[in-house]
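# Architecture and fold: a report
Here is what each chain is made of, one letter per residue.
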Amino acid sequence: MTLIKPAGYRNLLGSTENTEKAIKHVKDMFQENLSAQLALLRVTAPMVVLTGTGINDDLNGIERPVAFPIKDMDERRAEVVHSLAKWKRLKLGEMNIKPGRGIYTDMNALRPDEELDNIHSLYVDQWDWEKVITPEDRNVEFLKKTVRRIYEAIKVTENKLYVEFPQIEPFLPEEIHFIHSQQLLDLHPDLSPKERENAIAKEYGAVFVIGIGSELSNGEPHDGRAADYDDWSTPNEEGYNGLNGDLLLWNPVLGNAFEISSMGIRVDETALRRQLSLRGQEYKSELYFHSKLLAGELPLSIGGGIGQSRLCMYLLRKAHIGEIQSSIWPETMRTECRAAGIDLV
């Protein structure tokens, strides 16, 4: 258990009531702005999916889903979603959504293998979104254009929040900086991936690191990515691999890089086959989701997740995600937080 306790920390909103009002304000404003920026329709999403279909997100491939048998389906097993990365693409095809438009939803997940700290909880809530694209859109410039739209939605929300709660002053930079994970490694070859993120986020305030999952020149990926949703292996026009990335903001309360979103252009048939082979997971090609994609039955798409509690935590200048959401925390963490002026709900 790792806990950051900022010196002199205090709740800028003063009371739990004001915090709850501000949380609703952020969530209402941001999803409205996101929908407008990306032309997204809100849809209802599942909390559980059937085991063995390949629909659930494998995350880094080691996290265990919460699973259980279904009595009225001959004890067939289901599992609580980790995210909706693949379900959304199936939904786009089912709804026959055209290029340039997409969907978003409230995703609620349980991740029991998370290491609990200031920003990681057992309970994950995010806006999961997915948008249909054309073959011509599968390039790094389209990825950057989409990131800029999401960043604009965050900035608009921050500015409107200031009108309602003037004690929370905006400090996001006007523009977001882009850098490939290989370029970041070249800049800071002696630092770990997290240390490199801290350095670049502190320098620019808002950064999108491109190319998460592909092996870099040091023989390691910047971070793990499953083989079957983001395209991290296709060479892009800038001479590096990857059409995906992470959106990082500098968090002055915690003094580190703060990941708000993981997103990317999704695999097409070629990229899926290549990435399954790279990971030694060719057997997945027979699963429901993967077989439909390989058969050309799913639309090309771009998508990602944006943390709801994380965005609220960042914009409201909170030190712990437990100030935003109700979850389970070790008693020692609760005690330490209370002593540091951090009130977990």
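Relevant structure appears above.
Let us look at the structure shown here.

Reading the values: rules and limits
Residues numbered from 1 in each chain as written. Predicted model: local features only at pLDDT ≥ 70, side-chain atom pairs only at ≥ 80, totals over all residues. Heavy atoms only, no water. Helix = DSSP H or I, 4+ residues; strand = E, 2+ residues; numbered from the N terminus. Rg over C-alpha atoms; globule rule 2.2 N^0.38 Å. Buried < 20%, exposed > 50% of the residue type's maximum accessible area, 1.4 Å probe, protein only. Contact = heavy atoms within 4.5 Å. Pairing = 2+ DSSP bridges. Axes fitted to C-alpha atoms, helices over the stretch in contact; angles between N-to-C directions. Salt bridge = Lys/Arg side-chain N within 4 Å of Asp/Glu carboxyl O. Left-handed = near helix turned anticlockwise from the far one by under 90°. Nonpolar A, V, L, I, M, F, W, Y, C, P; charged D, E, K, R; others polar. Core = buried A, V, L, I, M, F, W, Y, C linked by side-chain atoms within 4.5 Å. Polar contact = N/O pair within 3.5 Å; in protein donor to acceptor, adjacent residues only side chain to side chain.

### Concerning the overall build of the protein
If you tally the helices and strands in the protein, you get nine helices and 11 strands. Over its C-alpha trace the protein gives a radius of gyration of 20 Å, about what one expects of a compact globule, namely 20 Å for 345 residues. By its C-alpha atoms, the protein is 55 × 55 × 40 Å across when sized along the principal axes. For the protein, the proportion of its 345 residues judged to be buried stands at 53%. By sequence separation, contacts in the protein at least 24 residues apart represent 72% of the contacts at least 6 residues apart.

### Quick look at the sheet that holds strand S4 (residues 76–80)
Strand pairing in a sheet relies on backbone hydrogen bonds, with the paired strands running either antiparallel or parallel. Here we have three strands laid out as an open sheet, ordered S2-S4-S3, and antiparallel in their pairing. Edge positions in the sheet fall to strand S2 (48–50) and strand S3 (67–70), since each has one partner strand and no second. The sheet shows a mean angle of 35° between the axes of neighbouring strands, direction not considered.

### Some words on the pattern of salt bridges
For the structure shown, the criterion picks out 24 salt bridges. For Asp113, the salt bridge identified is with Arg64, shortest N-O distance 2.7 Å. Of this pair, Asp113 sits in the loop between strand S5 (102–110) and strand S6 (123–132) while Arg64 sits in the loop between S2 and S3, and the two are 49 residues apart along the sequence. When its relative accessible area of 31% is taken as the criterion, Asp113 is described as partly exposed. Since its relative accessible area comes to 53%, Arg64 is described here as exposed.

### Quick notes on the packing of helix H1 (residues 16–38) against helix H3 (residues 140–164)
The N-to-C vectors of H1 and H3 enclose an angle of 145°; their axes lie 9 Å apart at closest approach. Here H1 and H3 pass one another in a crossing that is right-handed. In this structure, H1 uses His25, Val26, Met29, Phe30, Asn33, Leu34, Gln37 and Leu38 to contact H3, whose residues at the interface are Thr146, Arg149, Ile150, Glu152, Ala153, Ile154, Val156, Thr157, Lys160, Leu161 and Glu164. When its residues are assigned to classes, the contact of H1 with H3 shows 10 nonpolar, five polar and four charged.

### A short note on the sheet that holds strand S1 (residues 40–42)
The sheet built from eight strands is open, its strands ordered S1-S5-S6-S11-S10-S9-S8-S7 with mixed pairing. Since the sheet does not close on itself, it has two edges, and those belong to S1 and strand S7 (177–180), each with one partner. With direction set aside, neighbouring strand axes in the sheet form an average angle of 30°. Judged from the five bridges that link them, strand S10 (residues 256–265) and strand S11 (residues 301–307) form a sheet pairing that is antiparallel. Bridge assignment links Gly264 to a residue of S11, and that residue is Gly303. Lying on the sheet, H3 is in contact with S6, S7, strand S8 (206–210), strand S9 (244–251), S10 and S11; it crosses S10 at an angle near 130°. Seen against the sheet, helix H8 (residues 308–315) touches S5, S6, S9, S10 and S11 and runs at an angle of roughly 140° to S10.

### Considerations on the nonpolar core
One finds Trp129, Leu143, Ile150, Phe208 and Leu316 to be the most contacted residues of the largest nonpolar core, which totals 59 residues. If one sorts the elements of this core by residue count, H3 sits on top with nine residues. Once residues lying within four places of it in the same chain are set aside, the contact partners of Leu316 are Leu13, Thr19, Ala22, Ile23, Val26, Leu161, Ile168 and Ile324. Counting 24 residues, the second-largest nonpolar core is a separate cluster that includes Val81, Ala271, Leu294 and Leu298.

### Overview of the environment of Lys318
Note on placement: Lys318 falls in the loop between H8 and helix H9 (331–339). As a C-alpha pair, Lys318 and Thr146 span 172 residues in sequence and 27 Å in three-dimensional space. Apart from residues lying up to four places away in sequence, Lys318 is in contact with Tyr9, Asn11, Leu13, Thr19, Val253, Met313, Glu323 and Ile324. A distance of 2.7 Å separates the side chain of Lys318 from the side chain of Asn11, its partner in a polar contact. A polar atom in the side chain of Lys318 sits 3.0 Å from the side chain of Thr19.

### A few points about unusual backbone geometry
For Glu75, which is not glycine, the phi torsion reads 65° and is therefore positive. The topology assignment puts Glu75 in the loop between S3 and S4. Given a relative accessible area of 46%, Glu75 falls into the partly exposed group. Located in the positive-phi region is Arg317, a residue other than glycine, with phi close to 60°. Among the structural elements, Arg317 can be located in the loop between H8 and H9.

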